[in-house]
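The lines below spell out each chain.
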Amino acid sequence: MKKADIFEFYRRLAETNPAPETELEYGNVYQLLVAVVLSAQATDVGVNKATRALFQKVKTPQQMLDLGEDGLKEHIKTIGLFNGKAKNVIALSQILADRYRGEVPADRDILQTLPGVGRKTANVVMNCAFGAETFAVDTHIFRIGNRTGLAPGKTPLAVELKLEKETPQPFRRHAHHWLILHGRYICKARRPECWRCPVADLCRYKPKTPPPAER
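Residues numbered from 1 in each chain as written. Predicted model: local features only at pLDDT ≥ 70, side-chain atom pairs only at ≥ 80, totals over all residues. Heavy atoms only, no water.

1. Brief notes about the overall build of the protein
Right, so step 1: Secondary structure assignment for the protein yields 10 helices and zero strands.
Right, so step 2: Counting from the amino terminus, helix and strand elements in the protein follow one another as α-α-α-α-α-α-α-α-α-α.
Right, so step 3: In terms of overall dimensions, the protein is globule-like: its C-alpha atoms have a radius of gyration of 19 Å, near the 17 Å expected for 215 residues.
Right, so step 4: In terms of its C-alpha atoms, the protein occupies a principal-axis envelope of roughly 55 × 35 × 30 Å.
Right, so step 5: Counting the 215 residues in the protein, one finds 47% classified as buried.
Right, so step 6: Within the protein, counting contacts between residues at least 6 apart in sequence, those at least 24 apart form 60% of the total.
Right, so step 7: Across the protein, the centroid of the 33 positively charged side chains sits 6 Å from that of the 23 negatively charged ones. (Helix = DSSP H or I, 4+ residues; strand = E, 2+ residues; numbered from the N terminus. Rg over C-alpha atoms; globule rule 2.2 N^0.38 Å. Buried < 20%, exposed > 50% of the residue type's maximum accessible area, 1.4 Å probe, protein only. Contact = heavy atoms within 4.5 Å. Lys, Arg positive; Asp, Glu negative; His and termini not counted. Charge placed at Lys NZ, Arg CZ, Asp CG, Glu CD.)

Shown next as structure tokens:
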């Protein structure tokens, strides 16, 4: 995709949603970190249902440790892979309590040393909590990067590095939110809704999906 088209691509997404935010619900940076860890291979809707009651009780790593692994499992047992996620959340909470005075460090490299925190999770926390211009590549962004031609790559890291290189200001801060929401609600995996896509003419995806009435 040409630079002018990339700028216009983001401009249109920004026009429809000037201040996008994550759909995960949280009250502080620690809760955001926990929510993102829990969201791996799960929906934001499902995570939010599980964490609403949890986050009423737990706002700090120490409170999570006081709740304990079994107590945490009771709250998140509706989320996929909850056993492993509970173990990771307790372990990362212990590290935050012991080494960082209960605070979440604003450092992507340090975040990635925490149990259950990969590059994508670290990028989300850095962007949402600390305003960093990071690009968290999930399945939606990976698909859009390749389908549209915005940032083609064979791996999530390749797509991330392409987005890092090609995304211009003033769109870098919110870019990953626009792309995630676009993939979640319009450029869907099975049947992209091209007929209502604001960037359809800029996209290299050829078999454009026609409106329902024409199918």
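2. Quick word on the pattern of salt bridges
Pairing is possible between side chains that carry opposite charge, provided their charged atoms lie close to one another.
Right, so step 1: Counted by the stated rule, this structure contains 16 salt bridges.
Right, so step 2: Here Arg12 ties to Asp201 by a salt bridge, and the two come within 2.5 Å at their closest N and O atoms. Taken together, the residues Arg12 in helix H1 (residues 3-16) and Asp201 in the segment after helix H10 (175-185) connect sequence positions 189 residues apart.
Right, so step 3: The exposure class assigned to Asp201 is exposed, which follows from its relative accessible area of 56%.
Right, so step 4: Between Glu166 and Lys162 there is a salt bridge, and its shortest N-O distance comes to 3.9 Å. Residue Glu166 and its partner Lys162 are both found in helix H9 (residues 156-166); the two are separated by four residues, about one turn of the helix.
Right, so step 5: A residue is classified by how much of its surface remains accessible, and Glu166, at 19% relative accessible area, is buried.
Right, so step 6: Salt bridges sharing common partners tie together Glu8, Arg11, Arg12, Glu15 and Asp201. (Salt bridge = Lys/Arg side-chain N within 4 Å of Asp/Glu carboxyl O.)

3. Overview of the packing of helix H2 (residues 29-38) against helix H7 (residues 119-130)
Right, so step 1: Where H2 meets H7, the axes come as close as 10 Å, and the angle between the chain directions of the two elements is 150 degrees. Of the possible angle classes, the one that applies to H2 and H7 is roughly antiparallel. Judged by the twist between their axes, the crossing of H2 over H7 is right-handed. Here Val29, Leu32, Leu33, Val36 and Val37 of H2 lie close against H7, whose contacting residues are Thr121, Val124, Val125, Cys128, Ala129 and Phe130.
Right, so step 2: Taken together, the residues of the contact of H2 with H7 sort by class into 10 nonpolar, one polar and no charged. (Axes fitted to C-alpha atoms, helices over the stretch in contact; angles between N-to-C directions. Parallel < 35°, antiparallel > 145°, perpendicular 65-115°, else oblique. Left-handed = near helix turned anticlockwise from the far one by under 90°. Nonpolar A, V, L, I, M, F, W, Y, C, P; charged D, E, K, R; others polar.)

4. So, the packing of aromatic side chains
Right, so step 1: Overall, the coordinates contain four aromatic pairs when judged by the stated rule.
Right, so step 2: Between Phe7 and Phe171, the ring centres sit 4.9 Å apart and the planes meet at 70 degrees, which makes this aromatic pair edge-to-face. Taken together, the residues span a long stretch of sequence, with Phe7 in helix H1 and Phe171 in the loop between H9 and H10 at a distance of 164 residues.
Right, so step 3: For the ring pair Phe171 and Trp178, a centre distance of 6.2 Å and an interplane angle of 70 degrees mean the geometry is edge-to-face.
Right, so step 4: Since its relative accessible area comes to 6%, Phe171 is described here as buried.
Right, so step 5: An aromatic cluster is defined as three or more aromatic residues linked by ring pairs; in this entry it consists of Phe7, Phe9, Tyr10, Phe171 and Trp178.
Right, so step 6: For Arg147, the ring lying beneath its charged end belongs to Tyr205, and the centroid distance is 5.0 Å. (Phe/Tyr/Trp six-rings, centres within 6.5 Å; stacked < 30°, edge-to-face > 60°. Lys NZ or Arg CZ within 6 Å of the ring centre and 35° of its normal.)

Purely geometric stuff here, so don't read any function into it on its own.
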